[in-house]
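Below are the chains, spelled out letter by letter.
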Amino acid sequence: MDPVRNPYAPGAGQRPPELAGRGRELDVFDVVLERIARGRPERSLMLTGLRGVGKTVLLNTLRSQAITHLWGTGKIEARPDQSLRRPVAAALHMAVRELAPRHRAPDRIDGFLGVLKAFAQRSTPPGRGGVAPKLRDRWQPGIDVPASSGRADSGDIEIDLVELLTDAAAVATDVGTGIAIFIDEMQDLGAEDVSALCAACHELSQLGAPLIVVGAGLPHLPAVLSAAKSYSERLFRYQRIDRLDRIAADQALCAPAEREEVEYEAKALDLLYEKSGGYPYFVQAYGKATWDHAPRSPITAADVRVAAPEAEAELAVGFFGSRFERATPAEREYMRAMATLSLVEGEEGGGRDDMDAAVPTAEIARSLGRKPASLSPARDALIKKGLIYSGERGTVAFTVPHFGRYLRTQPA
Ligand SMILES: Nc1ncnc2c1ncn2[C@@H]1O[C@H](COP(=O)(O)OP(=O)(O)OP(=O)(O)O)[C@@H](O)[C@H]1O
Ligand SMILES: [Mg+2]
């Protein structure tokens, strides 16, 4: 059918034509926003899940929801080896700029911006998540007021963040709403920054201040947070973002098609679900290829069969291959061993070929004929690159759904 009218949107962070199966998360967040704006105690949300399940898209939707509630918002994408100081300053700057036009006392805004500037210009000493001076000097906050001193500028990120966020929350209190800072890829924050962020959230919730941090990250994000502060489990509400169930996956495909007056035969939807496993990225990829290949409505199972190789070829390049290429030869060898073992484990557990089980690291070492310690660098590098994660001690699993199956089909 007409590719110009193809509604599906495979791609990282691409807004889907229909955000299916996330009603619960949206409802919960509505309540969180309302309660926090009224000074009620409430835990913020942390979205966790595998690659391509729709964390970024949901985080962006929650941000829109906060804006609808007239909250100030800002967003950060955490990166390994990058200090939180500058990005958090930029995000708060954005959030307060959204609130400023509704504020009755411009000097209060200027006061906050002075503190923000001092915070941003202060470097965090190396070893505490600090960045090299050269990089730092290039940053232009675009704030006209002079930097103030004596607040949020101690150099200790934990102290500074608590002070800065408290002041930002006070601005939001003045206008009767709140501020939400969204952090994507949150597992990539440095340990000091995670710790500081938890401490700040803890302090803010005790004060009943209307500022929340909403995060998204890989499945081991809860472990990253609780390693920093043991009370983090009580601070955040973790929401596991998972594959879509059959009803939601069908809706993700049918609702956008209906708007174009296109329908699916039931058998086509059966086959699409079998192929995608309900993973949102795959739902979009198979949906898109099928649309392009189908000659007319209704779309049939035969259309899906014809289109599937194209969807798979695109996934092999865009979803799997691009990630595999980030790994060194030693890391690839490690992942190949994982792929073989995860299938065996999966079968024992009654799993299917599309479900990769977690694999004990000791078994990977055994299968490669190596000492476990000698494989630690490969494992740590793969975790840092976000390709694998360690959910339970002594095991690793792929962050990318169907990655084991993909690797098993690749020639060594
Ligand atoms: N609820 C949903 N319904 C339908 N499609 C969705 C849904 N959520 C996400 N998608 C689609 O899935 C794909 C992946 O979404 P997104 O980039 O948000 O995933 P992610 O979890 O952030 O992945 P990564 O860990 O790689 O960053 C996009 O093409 C998006 O359009
Ligand atoms: Mg994402």
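Residues numbered from 1 in each chain as written. Chains lettered and ligands numbered in written order. Predicted model: local features only at pLDDT ≥ 70, side-chain atom pairs only at ≥ 80, totals over all residues. Heavy atoms only, no water.

As annotated in an unreviewed UniProt entry, the protein chain is AAA ATPase domain-containing protein from Micromonospora mirobrigensis.

*Asks:* I'd love a proper account of the domain arrangement of the protein chain, names of residues and values included.
*Replies:* The assigned domain composition of the protein chain is domain 1 (23-240), domain 2 (244-324) and domain 3 (326-408). If you average the C-alpha positions of domain 1 and of domain 2, the two centres end up 37 Å apart. With four residues of domain 1 in contact, the opposing surface of domain 2 contributes five residues. By the criterion of area lost to domain 2, the three top residues of domain 1 are Arg 51, Gly 52 and Val 53, representing 86% of everything that side buries. (Domains from an automatic or database assignment. Contact = heavy atoms within 4.5 Å. Buried area = accessible area lost by both parts, 1.4 Å probe.)

*Asks:* So what's going on with the sheet that holds strand 3 (residues 179-184)? Residues and values would help.
*Replies:* Hydrogen bonds between backbone atoms are what pair the strands of a sheet, whose relative direction is either parallel or antiparallel. In spatial order, the strands read 2-3-4-1-5; together these five strands make up an open sheet with parallel pairing. Edge strands, defined here as strands with exactly one partner in the open sheet, are strand 2 (72-77) and strand 5 (236-240). Direction aside, neighbouring strands of the sheet carry axes that sit 20 degrees apart on average. Bridging between strand 1 (residues 44-48) and strand 4 (residues 211-217) involves three bridges; their strand directions are parallel. Residue pairing for strand 4: Thr 48 is matched across the bridge by Gly 217. The strands touched by helix 3 (residues 85-99) within the sheet are strand 2, strand 3 and strand 4, with strand 2 carrying the most contacts at an inclination of about 160 degrees. (Pairing = 2+ DSSP bridges. Helix = DSSP H or I, 4+ residues; strand = E, 2+ residues; numbered from the N terminus. Axes fitted to C-alpha atoms, helices over the stretch in contact; angles between N-to-C directions.)

*Asks:* Outline the sheet that holds strand 8 (residues 395-398), listing residues and values.
*Replies:* Strand order in the open sheet made by the three strands is 6-8-7, with antiparallel pairing throughout. The open sheet is flanked by strand 6 (359-360) and strand 7 (388-389), the only strands paired with a single partner. When strand 6 meets strand 8, the two strands line up antiparallel, connected through two bridges. Residue pairing across strands places Val 359 opposite Val 396, the latter belonging to strand 8.

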